[in-house]
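Fold and contact review
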Amino acid sequence: MLTAFWLLLATCLTGNVIGDSLNGTPASINYAMFSIVWGWFALLIGITSYFLEFIPLIVVIFWDTWATIFIFCAAVELAAKLGVHSCFNDDYLLNTNLIGGSSNLTKRCQELQASDAFLWFVFTCFVIITALNIRRATKMDILSSEASRIRGLAMSYV
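Conventions adopted
Residues numbered from 1 in each chain as written. Predicted model: local features only at pLDDT ≥ 70, side-chain atom pairs only at ≥ 80, totals over all residues. Heavy atoms only, no water. Helix = DSSP H or I, 4+ residues; strand = E, 2+ residues; numbered from the N terminus. Buried < 20%, exposed > 50% of the residue type's maximum accessible area, 1.4 Å probe, protein only. Contact = heavy atoms within 4.5 Å. Phe/Tyr/Trp six-rings, centres within 6.5 Å; stacked < 30°, edge-to-face > 60°. Salt bridge = Lys/Arg side-chain N within 4 Å of Asp/Glu carboxyl O. Core = buried A, V, L, I, M, F, W, Y, C linked by side-chain atoms within 4.5 Å. Polar contact = N/O pair within 3.5 Å; in protein donor to acceptor, adjacent residues only side chain to side chain.

Turning next to the overall build of the chain. For the chain, the helix and strand inventory stands at 6 helices and 0 strands. Reading the secondary structure of the chain in the N-to-C direction produces α-α-α-α-α-α. Among the 158 residues that make up the chain, the fraction classed as buried is 37%. When contacts within the chain are restricted to residue pairs at least 6 apart in sequence, long-range pairs at least 24 apart make up 67% of them.

The next subject is the packing of aromatic side chains. For the structure shown, the criterion picks out 16 aromatic pairs. With a centroid separation of 5.8 Å and an interplanar angle of 85°, the aromatic rings of Phe-72 and Trp-120 are classed as edge-to-face. Taken as a pair, Phe-72 in helix α3 (residues 57-82) and Trp-120 in helix α5 (residues 105-139) lie far apart in primary sequence, 48 residues in all. For Phe-72, a relative accessible area of 35% puts it in the partly exposed group. Ring pairs connect the aromatic residues Tyr-31, Phe-34, Trp-38, Phe-41, Phe-62, Trp-63, Trp-66 and Phe-70, which therefore count as one cluster.

Here we take up the pattern of salt bridges. Oppositely charged side chains are able to pair whenever their charged atoms sit close together. Per the counting criterion, the structure on display carries 3 salt bridges. For Asp-20, the salt bridge goes to Lys-107, with nearest N and O atoms at 2.7 Å. With a gap of 87 residues between them, Asp-20 in the loop between α1 (2-19) and α2 (27-51) and Lys-107 in helix α5 connect regions that are remote in the sequence. By relative accessible area, Lys-107 is classed as partly exposed at 33%. Of the charged contacts in the structure, one is a salt bridge between Lys-107 and Glu-111, with a shortest N-O distance of 3.8 Å.

Quick look at the nonpolar core now. Among the nonpolar cores identified, the biggest contains 32 residues, and Ile-99, Leu-112, Leu-119 and Phe-126 are the most heavily contacted of them. Looking at this core, the element that brings in the most residues is α5, giving 8 residues. With near-sequence residues (within four places) excluded, Leu-112 lies in contact with Val-17, Ile-29, Leu-78, Leu-82, Leu-98 and Ile-99. Judged by nonpolar contacts, the second largest core, of 6 residues, contains Ile-45, Ile-55, Leu-57 and Ile-61.

With that settled, consider the side chain of Thr-14. Along the chain, the position of Thr-14 falls in helix α1. At 2.8 Å, the side chain of Thr-14 forms a polar contact with the backbone oxygen of Ala-10.

Keep in mind these values describe shape, not function.
Below, the structure written as C-alpha cells:
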C-alpha cells in the first residue's frame, strides 16, 4: 500500500505538470508518466495475483522487474535534467528546458522536483517488492529449470 501512496503522489504531480504545459511537454516528463502508469499496472497485477491464482508468479515478476527498471530510468533522467537547484533562482528557471513551458515556473520546478523524489521512493518500493517476489518464486521452485524436469509425472499418473 505504501507503493500505491507514492505512485499516487507521483501521478498527481507529473499529471499536473503535463496539464499545466503551454507548449507541450518534454519527452523526459512523458517518459516519467509512462513509467508511473507501468508501475500502476505492475502494482495492480501484483495485488490481483495474491487473490486470484490464475496469474502466474513469473508474470508478476516480469511486470515488477520492468517497473523497477523504468522508474529507475525516469528518476535518473529527471534528476539529471533538473540539476536540483533552487526553484527561486531565476537564472536556473529560465535555462532549464524541463521547467519552461509553464506560466508559473517556480510551481512547475517544485512539482518536478517533488515528482522526482517520489519516483525514487517508488523505485525503492519496487526493488523490495521484486526481491520478495523472486524470493517467493525460488522457494516455490518456479524459477528453477531443473524443477520441472525432476518432478516428472506424479505417482497417481503412473
